[in-house]
Structure formats: C-alpha cells, structure tokens
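Architecture and fold: a report
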Amino acid sequence: MGNTVKTDVLIIGTGFGGLCMSAKLKASGKEDFIILEKADGVGGTWRENRYPGAECDIASVLYSYSFYPNPTWDFKWAKQKQILDYLNRFTDDMNIRKHIRFGQHVSGAQFDEGAGRWSVKTADGTIYSARFLVTALGQLHHAKTPGFKGQDIFKGPQFHTAEWPEGVDLRGKNVAIIGNAASAIQTIPEIAKIAKTLTIYQRSANWIIPKRDRPYSRFEKGVAKLVPGLSKLYRGFWFGVGEFLMYPMIRGRKRRSWLGRAMCRSEMKKFIKDPDMQAALTPDYPIGAKRILLSETYYPALARENVGLVNVPIKALTSEGIHAGDDIKRPHDVIVYATGFYTHPFYKDLPILGENGVELGEHWDGGAFAYHGVMTSGFPNLFMLYGPNTNSGHTSIVFKLENQVNYILQLLERAEGKTIRVNKDAEIRYNEEMQTRLADTSWAKIDKSWYKTGEKIDLNWPGSGIEYKRRMKTPINQDFHTSPE
Ligand code: NAP
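Residues numbered from 1 in each chain as written. Predicted model: local features only at pLDDT ≥ 70, side-chain atom pairs only at ≥ 80, totals over all residues. Heavy atoms only, no water.

1. Some points on the pattern of salt bridges
Formally: What makes a salt bridge here is a side-chain nitrogen of Lys or Arg within 4 Å of a carboxyl oxygen of Asp or Glu, nothing more. A run of H or I in DSSP becomes a helix once it reaches four residues, and a run of E becomes a strand once it reaches two; helices and strands are each numbered from the N terminus. Three labels apply to residues, based on accessible area from a 1.4 Å probe with only protein chains included: buried if under 20% of the type maximum, exposed if over 50%, partly exposed otherwise in between.
Under the definition given, this model contains 31 salt bridges. Residue Arg 437 pairs with Glu 433 through a salt bridge whose shortest N-O separation is 2.8 Å. One end of the pair is Arg 437 and the other is Glu 433, both in helix 12 (residues 424-438) and 4 residues apart, which spans about a single turn. The exposure class assigned to Arg 437 is partly exposed, which follows from its relative accessible area of 25%. Arg 471 is the salt-bridge partner of Glu 467, the closest N and O atoms lying 2.9 Å from each other. Here Glu 467 pairs with Arg 471, and both are found in helix 13 (residues 465-471), just 4 residues apart, close to one helical turn. Using a relative accessible area of 21% as the deciding quantity, one classes Arg 471 as partly exposed.

Following this line, the structure appears as structure tokens:
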C-alpha cells in the first residue's frame, strides 16, 4: 500500500505546458502544487525526441515564453538540444524543480465527489490527492510503430524516431526509414550524410516549403539582448507570417494556397530533375490538409546518390530488410520508423474517472472535445493544457499554452474553496462551433490524418492566433458553475 501525498494543484508533465503552469502559479503566489514527471528530466517532447536533426519547425523567437525570451537562440529554427537547455534553465530560474517528483508514472486518476478532490495514482503505488488536476501531457506522446508482417523476424535494429537509442551508429549502414513527414524530413538529411545507403519508404508525399534557416550572428544576438523591444517586434513578425501566410493556406484561401504550392514546387524542382520523381513527390491533396512542412535540406538529401525513394506500400519485413509492393526485397541493416504518434484515444493508457465513475475515454467515444480545450463536462476541477481542438498548423503551441494557463488561473481563482464545472450546454455549443468551422478548412479535405478521429477533427483549432488570444482572455462566467454556490 503506497503513501498519500496531499497538494492543492497537481500537474502532470514537465513539458512547455506543465512548466508554464507552474511558473504562473508561483507568480500568482501559489506554492502548494506538485508536478509529476514520469522521466528523470524536464522537457517533454524535447527530452524524448533526440533523433539526429531534431529541431523546431516554428521560428525560435516565437517558440519561447513571451515572459521569458531567449535572445541567444543559435539558429532561426532552434535545435532540440537548445530548446531542452532553455526549458532546463527556465525550470531553475523559476525555482520550479523543487515542485517536481521525477520518476512518477501516472497510472490513473479518479474524482472523489464527496471530498471534491482528485486521487491520482502512480506506478509505484503512491497516491496524490489534489483539489485540482492539470494534465499537461501534449498531443504527441505515444510513439506509433505500425505492425508490419514479419516485423519480429528482421535481424537488425529497428526503432522509432522518438525512441532513438543512445549510441546507435548509422555510419556505413544500409538504412531504411519508413515515413517522410515532419520528423522524417529532419532526420533524413542527417542520416544521408553518414549512411552507406538510405531508402525512404513514402506512403504519401508532403508539401514542403523552404525555411531558409541560418545561424544568428553574434551581432544579432547582442542586439536581441540589449534591445528587447526589437526582439519583441521580430517575434511579432514571425507571428504575422503564421497568421497571414500559413493560416490562409489552412483555410484553403486560393491565392495563398497557390503561392504555397508554387514555393514547394519551385524548391523541389531546384534539386529533383527527374519528372517521375517530381510526380512521386507532389502531393495529391490540398496544401494545408496535413501539416505543411518546412525544410531546405530534404530535397538536396533526396538528390544524393546514396538516397533512394520507394513510393509503393510496404508488404512485409523480412529477416534481411523490407519487401515492398513492387515485389522487390531490399536489404537493410537498420530500420527507422518515422511513423508518428497515437493521437486516439486522446489520453492513451491513462484512465481518468470523473463524476459517476465515467471514464474520459468513454466520454470522448467518437472523438475528443472540450470547452475551449481546457475543461470537459462531468470532470470537475480537471483542466487540460494542449487539450482537444487546440493544435494549430501555423503558429506556436507555446503561445497557445500561455493563453490556456492564464485562462485556467482565472478559473482557479473563481473555484477558490469550491468545485468548478463547465456547463454541458456551453461545451456542446462550443464543440458544434468548432466542428462547423473545421469542416471549412483544408484539414477536412483529406480522409485520414493524426488530427482526426474518423470524420471528426478533434485535435485542431480552426481559428487564427489572434482570435485564440481574444477568446482565451477571460472565461465567460455563466458557462461555468461552482459548488457550493
Ligand atoms: P506524422 O506526421 O504522423 O507522419 C508519419 C509518417 O509516417 C507519414 O509520412 C506517414 O505516411 C508515415 N506512415 C505512418 N504509418 C505508415 C505505414 N503503416 N506505412 C508507411 N508509412 C506510414 O508523424 P511525425 O512526422 O512524427 O510528425 C507528427 C507531428 O509532430 C507533426 O505534424 C508536427 O506537428 C510534430 N513535429 C514537430 C516537429 C517540430 O519541428 N516542431 C518535428 C517533428 C514533428 P502518411 O502521410 O501517408 O500517413
């Protein structure tokens, strides 16, 4: 029987969301909180995704807390290690580390209606009892490796990009990579430099825009340090690029979509001269329907002599390699899965029981939903960060998280000494609005993506960043109720 630890606010996860929540709680004078972290370090996705080439596809200046800028980003698009360093520094500077319980893998949570408290259990049997529970788990948390026939007979190492083994050496190896989306296009150029051969197994092509990355000069970093106002302006510029160039593509706006496609095609044609290869690399779906990718190193990597593209489905794995739909059995030493993450159910392997013992996964059968992405009916005092319908394809999740944290803090204020619930009718109205608007986006123009559960787009927010900020400023009082009144 484990021991019980009591706290006011319990946060799960030490990624950008959990750390932001903690810093803001402290800033508002609240010290009675604990953060549970399954691993032995902070950073969430930036601790886990260590594959070669891992970096951010949102401009660094926008991929940081507005209240904790980083004038010393080395590149326009920050590398994984520097983002992780930034989060570690933030944890220390905000004096958050003492609130973190590392190595605490949450196995389930249950709301006790009588006590008005959440009881959260971890794998080692410890029970945490908290009035408020904040889930800061991210949306891309569980690596997904497709179960190909013959997977267990392949003789060489095989692993997922998000589970990159320490010390693996791909030098001089014949490497296969399955998948060619956001994670793959970052690691492919790095693997191509050292592998003997690299074979990319593509299921569908992607729209890829050049990001024009480069290191920041010492002068630029110095200016950013000395004149924070300039950095702020620069941040505003990148926010604007998302809002006025990328967001219209997601909305399917004709001129911006045409421009996006033209940028992608012209970049591809610079490096790929073979018309058949160009055709294979051109998506058959509208730009914006899946994440628009940013890279100027992917096509040059594809053009290398040691890199090949297989554009037919995989039939099976063999002991020596991969047997594809063209009936060729290609030998490989190593197989890398860049095959994405489980996004359904929304909180995989984490049973959360709300009022009347209803499990969150059942409540969300058919696709997740939540009022403003932060609360769902029947689950009092439970707040979510990066919850349903909060993801965007055009702006920084860090910006979104800050808005969510500010919103939740106001609800915590209101719930002082009470239990707070979102009204079901408000949640239904909000969810209907989301789905009506999402039906009019490029995301709806494709059958399957990680954004969707069946037909329902349950992960993404349909609006602009500007609208998001406006609507997350202040909770609408009558959409919530507290008990006792
Ligand atoms: P993903 O977008 O889900 O892509 C998975 C890839 O694997 C796709 O190419 C997919 O093909 C392929 N695939 C999946 N199952 C397959 C199968 N059975 N056979 C063959 N191919 C298969 O995953 P991801 O690249 O890891 O990216 C996920 C998200 O993470 C991104 O959208 C982005 O939001 C985020 N991300 C961000 C960054 C960053 O820079 N901040 C970096 C990496 C990832 P289909 O396209 O045909 O499904």
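Additional details are given in the paragraphs that follow.
2. Thoughts on empty space enclosed by the protein
Rules: Only protein atoms enter the 1 Å grid, on which a cavity is a set of points fitting a 1.4 Å probe that cannot get out and a pocket is an open set with protein on both sides within 12 Å along at least 5 of 7 lines, lining residues being those with an atom within 4 Å of a point. Grid points are joined across faces, edges and corners, and a volume is the space filled by probe spheres set on the points.
Summed over all chains, the structure comprises 1 cavity of 30 Å³ or more. By volume, the largest cavity is sized at about 50 Å³. The wall of the largest cavity is formed by Asn 206, Trp 207, Ile 208, Cys 264, Arg 265, Met 268, Leu 281, Thr 282, Pro 283 and Tyr 299. Of the residues forming the lining of the largest cavity, the biggest block, 3 residues, is contributed by helix 7 (residues 254-271).

3. Side note on the packing of aromatic side chains
Short version of the rule: Geometry of aromatic contacts follows a simple scheme: Phe, Tyr and Trp rings, the Trp one being its six-membered ring, pair when their centres are within 6.5 Å, and the pair is stacked under 30 degrees between planes, edge-to-face over 60, tilted otherwise.
Under the definition given, this model contains 28 aromatic pairs. Taking the centre distance of 5.3 Å and the plane angle of 65 degrees together, the rings of Phe 16 and Tyr 65 count as edge-to-face. Of this pair, Phe 16 sits in helix 1 (residues 16-27) while Tyr 65 sits in the loop between helix 2 (45-48) and helix 3 (80-93), and the two are 49 residues apart along the sequence. Tyr 65 shares its class with Phe 16; the two are buried. Note on Phe 346 and Tyr 347: the rings are 5.0 Å apart at their centroids and 65 degrees apart in plane angle, and the pair reads as edge-to-face. As far as burial versus exposure is concerned, Phe 346 and Tyr 347 are alike and both buried.

Nothing here speaks to function; it is all geometry.
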